[in-house]
Amino acid sequence: MEKIRMGISACLLGESVRYDGGHARDRYVTDILGQYMDFVPVCPEMEAGLGVPREPIRLEGDPGAPRVITINTKRDLTDTMTTWAERRVGELEKENLCGFIFKSKSPSSGMERVKVYTEKGTSVKKGVGVFAKAFMDRFPRIPVEEDGRLHDPRLRENFIERIFALNRWRRMLEGKPEFRFPL
Ligand code: SF4
């Protein structure tokens with residue numbers, strides 16, 4: 001049977017794309033969900049040209065409209081990241097994704113509660129990663145979750161149900177057979 005198409009933050013698959021050359025492989029995602037899902041990896045910071053290793057970035061300013069700033073040299077990468085994110089979510093239209101798994105806490109990929117810093121260095125957990133926001137704005141009906149929340153059984157079950165419901169709906173419209181997940 002065809003696997004379900006899912007977007008995912010690339011570091012969760014074990015790709016060495018984090019700012020320090022590391023990754024954040026999630027075994028539940030790769031070893032369990034990977035049996036049923038075909039992942040489309042996205043690393044916003046790599047794809048926007050920041051490279052590896054790179055200076056880490058963070059969100060600063062107004063939590064409702066934060067800037068993307070490099071931590072040490074204070075370069076403002078907001079335009080670079082937002083322009084790239086808008087283009088990338090446009091490309092993802094063609095991928096027929098039934099969901100997206102984001103890396104939590106990231107200023108690029110975090111889905112919620114990302115730290116936004118003030119000039120004085122204090123922070124509030126009210127931000128959304130630049131790419132995650134662009135994705136959720138473009139695809140409000142596609143189920144999304146973060147890696148950490150997937151380890152909560154109730155949140156995980158809810159997420160998987162929504163993914164399979166969307167996939168079932170699309171397959172029905174295409175006249176293709178239903179795919180069942182052995183929960
Ligand atoms: S959290 Fe996002 S930007 Fe950071 S390494 Fe993972 S995929 Fe790349």
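Please read all numbers here as calculations on a predicted model, not as lab measurements.

Caption draft 1: Representation of the packing of helix α3 (residues 78-92) against helix α4 (residues 130-138) within the structure. Contact geometry of α3 with α4 gives a least axis separation of 9 Å together with a crossing angle of 40 degrees. As the angle between them shows, α3 and α4 are arranged oblique. In this structure, α3 meets α4 at a crossing whose hand is right-handed. Contacts from Met81, Thr82, Ala85, Glu86, Arg88 and Val89 of α3 reach α4 at Val130, Phe131, Ala134, Phe135 and Arg138. Residues of the contact of α3 with α4, tallied by class, amount to 7 nonpolar, 1 polar and 3 charged.

Caption draft 2: Seen up close, the site of the ligand. The environment of the ligand is formed by 13 residues, the closest being Cys11, Cys43, Lys103, Ser106 and Ser109. With 3 residues, helix α2 (residues 44-47) is the single largest residue contributor to the shell around the ligand. Residue composition of the shell around the ligand, grouped by class: 6 nonpolar, 4 polar and 3 charged.

Caption draft 3: Molecular detail of α3. Look at α3: 21 Å from first C-alpha to last across 15 residues, which is about the 21 Å you get at 1.5 Å a residue. Inspection of α3 places Met81, Trp84 and Ala85 among the buried residues, and these make up the whole buried set. Buried residues of α3, seen end-on, are gathered within an arc of 105 degrees and therefore sit on one face of the element. Residues of α3 that are exposed and point over 90 degrees away from its buried face: Asp79, Thr83 and Gly90. In this fold, the buried residues of α3 make contact with α2, β4 (67-70) and α4.

Caption draft 4: Summary view of the sheet that holds β4. Here 4 strands make up an open sheet; going across it, the order is β4-β3-β6-β7 and the pairing mixed. Either end of the sheet is taken by a strand with one partner, and the two such strands are β4 and β7 (123-127). Averaged over all pairs of adjacent strands, the angle between their axes in this sheet comes to 55 degrees, without regard to strand direction. Relative to strand β6 (residues 114-117), strand β3 (residues 57-60) is paired through 2 bridges, and the arrangement is parallel. Note that in β6 the partner of Leu59 across the bridge is Val116.

So, how was this worked out
- Residues numbered from 1 in each chain as written.
- Predicted model: local features only at pLDDT ≥ 70, side-chain atom pairs only at ≥ 80, totals over all residues.
- Axes fitted to C-alpha atoms, helices over the stretch in contact; angles between N-to-C directions.
- Helix = DSSP H or I, 4+ residues; strand = E, 2+ residues; numbered from the N terminus.
- Parallel < 35°, antiparallel > 145°, perpendicular 65-115°, else oblique.
- Left-handed = near helix turned anticlockwise from the far one by under 90°.
- Contact = placed C-beta atoms within 7 Å.
- Nonpolar A, V, L, I, M, F, W, Y, C, P; charged D, E, K, R; others polar.
- Near = placed C-beta within 6 Å.
- Expected span 1.5 Å × (residues − 1).
- Buried ≥ 20, exposed ≤ 12 C-beta atoms within 10 Å, placed from the backbone.
- Arc of directions from axis to C-beta.
- Pairing = 2+ DSSP bridges.

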